[in-house]
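Fold and contact review
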Amino acid sequence: MNQIVAPPEPRKSAREKLLDAALIVLRQKGYSATSVDDLCRAAGVTKGAFFHHFESKEALGAAAADHWSAVTGALFETAPYHQHSDPLQRLLAYIDFRRMLIAGEIAAFTCVAGTMVQETFDQHPAIRDACRASIFGHAEKLEPDIEAALAMRGITDISARSLALHTQVVLQGAFILAKADGGPEIAIESVDHLRRYIELLFASGDQSR
């Protein structure tokens, strides 16, 4: 009987290794404290390879935010919360999924874009803009479900865009509190409050009809 052997995974380029390493190192150390040497060491590439692909640390930072969007986008696109037929249940299940991801070391569950933009918003506009695109772009993907849930319950005085962004306000704030507190518990509590807020918001809409 012939044994089925899975094809080997393609080898990553130096650029891909640097971007993958950046997602880890930037969350651990922050943008300012991360050096080009740190990134090269984590990626296992030379400094010459770094500057072959990125003209500066700032260029790497902007590219890392884009890479973060791609990596997390793929994760959320295949997440189980999409299986619900009711858009409100999809939104609540999304929040539950975000809660589940808050586990382990702080650097493992916090956001690359949120971490970098706090340090770079004034001095590095290219990174700021890439981080904005990442965070706002993720919120935009929640808007259709929020819009549909609002319409189903006859709620007309709430902006789907604003509520989608509010979910990110809570999540990014929860990550900051976790860093300040030294553990995930306070972040989990914040996400629980967000879920209750969404439930109450839509429950009041149902009662007013």
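Just above sits the structure.
A brief structural summary. (Residues numbered from 1 in each chain as written. Predicted model: local features only at pLDDT ≥ 70, side-chain atom pairs only at ≥ 80, totals over all residues. Heavy atoms only, no water.)

Moving on: the environment of Leu60. Within the secondary structure layout, Leu60 lies in helix H4 (residues 57-77). Leu60 gets classed as buried once you look at its relative accessible area, which sits at 2%. Setting aside anything within four residues of it in sequence, one finds Leu60 in contact with Leu19, Ala22, Leu39, Phe50 and Phe54. (Helix = DSSP H or I, 4+ residues; strand = E, 2+ residues; numbered from the N terminus. Buried < 20%, exposed > 50% of the residue type's maximum accessible area, 1.4 Å probe, protein only. Contact = heavy atoms within 4.5 Å.)

Before going further, it helps to spend a moment on H4. Taking 1.5 Å of rise per residue, the 21 residues of H4 would be expected to cover 30 Å, and the 30 Å separating its terminal C-alpha atoms lies within 8% of that figure. For H4, the set of buried residues is Lys57, Leu60, Gly61, Ala62, Ala63, Ala64, Ala65, His67, Trp68, Thr72, Gly73 and Phe76. Buried-residue contacts for H4 involve helix H1 (14-29), helix H2 (36-43), helix H3 (47-53), helix H5 (87-101), helix H7 (112-120) and helix H8 (125-152). (Expected span 1.5 Å × (residues − 1).)

In this section: the nonpolar core. One finds Phe50, Tyr94, Met116, Ile146, Ile198 and Phe202 to be the most contacted residues of the largest nonpolar core, which totals 65 residues. Sequence-distant contacts of Phe50, that is, excluding residues within four places in its chain, are made with Leu18, Val36, Leu39, Cys40, Ser56, Lys57 and Leu60. (Core = buried A, V, L, I, M, F, W, Y, C linked by side-chain atoms within 4.5 Å.)

Let us look at the environment of Asp96. With respect to the helices, strands and loops of the structure, Asp96 is situated in helix H5. Each C-alpha atom of the pair Asp96 and Ala151 lies 22 Å from the other, and the pair is 55 residues apart in sequence.

Tallied over the full model, the rule gives 10 salt bridges. Between Arg99 and Asp192 there is a salt bridge, with the nearest N and O atoms lying 2.6 Å from each other. Taken together, the residues span a long stretch of sequence, with Arg99 in helix H5 and Asp192 in helix H10 (residues 185-207) at a distance of 93 residues. Using a relative accessible area of 36% as the deciding quantity, one classes Arg99 as partly exposed. (Salt bridge = Lys/Arg side-chain N within 4 Å of Asp/Glu carboxyl O.)

Attention now moves to the state of the cysteines. This model, assessed by the stated rule, comprises zero disulfides. No disulfide involves Cys111; its nearest neighbouring cysteine sulfur is the one of Cys131, lying 7.6 Å away. Judged by relative accessible area, Cys111 falls into the buried class, the value being 8%. (Disulfide = S-S within 2.5 Å.)

By themselves, these are just geometric observations and shouldn't be taken as functional.
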